Every structure is written in C-alpha cells, then in structure tokens.
Amino acid sequence: RRLIMAVMAFWLGCVISFPAQATERVALIFGNGDYQNPPHLSNPVNDATDVAAAFDRLGLSVTPVRNGNFETMRRSLLDFAQQAQSADIAVLYFAGHGMEIRDENWLIPIDAELNLDVAASQEAVALASIMPMVSRARRLGLVILDACRDNPFERQQQLSMPARSLPNRGLASVEPPGSVLVAFAAKHGTTASDGSGRNSPFTTALLHNLETPGLEVGF
C-alpha cells in the first residue's frame, strides 16, 4: 500500500504541475468486463469511463476502449505507441481480468479462451510489451492495473508443464524501466476486491485523489 501511494503521489505531482498547453499528455484507458469465457466483471467499464473522464479534465488526450477484444486492444496499443513517442507523459490504465503465466503478466481481452497456457501470446496482451511503449514518453510513463484477481481460466486451462502449476491469484511483480512507474491494485500474488458499488475500491480511491493538486505522499 505504501509503495502504491508513493508511486501515485509522485505521479500526481508530475501530471498536475505541467500546464496543459505546454506538454503533450496521452492516456489509453481499457475497461474489460463483458467477458465471453471468464466470469463477467461488473465494475471495469464503469471504472474505465470514470478514469477516462478524470484524465480528460486534467488535459490529457484520452482514448477509451471498453470491452476490447484481442484485435481491438492490439490496434489501440499500436496507435498508443505512436502517440507516446511524441508525448511528455503517457498513461495506460487497465481494468479487467489479468493473470500471471510463467512469471509474466497478461492483460485479458474479452474474447480470450486460453485453454492452453502457451496460447497467451496469441490471445492476450503481455504487460512486458506495454513497458517499451510508455517508456517512449519524454518525461514519464505510467501503467495503472486494476486487474489483480484470481486466475479466471484455472479450471479448464491445460498446462505445457503439468508438474508446475500456475499461480491462481494476482499478478507478478515487475521491474519497469527507469522512466516508467507501475501501480497495482494489490501487491504481487494477492487479489484486489471488485467491490459492490459503481467502481472497484482501488479505482474509487484513485478517482478520489486523482485531481487533487499538489497531493503529498503522506496523504
């Protein structure tokens, strides 16, 4: 929790302190809830809608993607990579199912089946592939993941290495490049609650603090 607070407070200071007219700031916002195979999630589309609106008010150029399938996510990320290259700040937010396979984190599109763990690269988006995109930003790249849940494919997934089971909850820790910050909804190996309101608890807290100018790390 302290790590997440430190990351967010540092970033809030960076974003709020830059005049909107003096810098190019871009954000790609994913909210995946209407899954075809894993369990449906009620919050992510609301979370993405509200976070996108907050970033828009902060002066970022926002691209929202709601219930993205693999092809939609792939194309959106290609466009985002181009935008980030000429931006001072690049932000990617993802709410939805995420999972760890062999120490690598994957963001799950709504059409993923993942009956085989080795099919992840053909059906899901690797977090590792996003890091170089946000790192192109001149000042700061930020990845916010509200995706720390149980493995939604655990029951039907066939393993390429049966003797080595996959983690059934949360995401693996990451070591981002120097100008990139990553904020998880929960520490590695643990899950975050979906909540019962319009937004998840993590995104509720994020929205509560996101537009506060000069927010100090202790708060």
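Up top is the structure.
1. Points about the environment of Leu 58
So, step 1. Mapping Leu 58 onto the fold places it in the loop between helix H2 (44-57) and strand S2 (61-66).
So, step 2. For Leu 58, a relative accessible area of 14% puts it in the buried group.
So, step 3. When the C-alpha positions of Leu 58 and Arg 25 are compared, they lie 9.5 Å apart, and in sequence the two are 33 residues distant.

2. Remarks on the pattern of salt bridges
So, step 1. One pass over the full model with this rule turns up 6 salt bridges.
So, step 2. Between Asp 88 and Arg 138 there is a salt bridge whose closest N-O contact spans 3.1 Å. Taken together, the residues Asp 88 in the loop between helix H3 (70-85) and strand S3 (89-95) and Arg 138 in the loop between helix H5 (127-134) and strand S7 (140-146) connect sequence positions 50 residues apart.
So, step 3. Residue class for Arg 138 comes out exposed when judged on its relative accessible area of 53%.
So, step 4. Between Arg 139 and Asp 88 there is a salt bridge, with its nearest N and O atoms 3.8 Å apart. Here Asp 88 lies in the loop between H3 and S3 and Arg 139 lies in the loop between H5 and S7, a separation of 51 residues in the sequence.

3. So, the pairing of strand S8 (residues 180-184)
So, step 1. Counting buried positions along S8 gives 5 out of 5 residues, so the element sits mostly inside the fold.
So, step 2. Alternating residues of S8 divide into Val 180, Val 182 and Phe 184 and Leu 181 and Ala 183, and every residue in both groups is buried.
So, step 3. Alignment of S7 against S8, held across 5 bridges, turns out to be parallel. Of the residues in S8, the one forming a bridge with Gly 141 is Val 180.

Conventions used here
- Residues numbered from 1 in each chain as written.
- Predicted model: local features only at pLDDT ≥ 70, side-chain atom pairs only at ≥ 80, totals over all residues.
- Heavy atoms only, no water.
- Helix = DSSP H or I, 4+ residues; strand = E, 2+ residues; numbered from the N terminus.
- Buried < 20%, exposed > 50% of the residue type's maximum accessible area, 1.4 Å probe, protein only.
- Salt bridge = Lys/Arg side-chain N within 4 Å of Asp/Glu carboxyl O.
- Pairing = 2+ DSSP bridges.

Any functional reading would require information that these geometric values do not contain.
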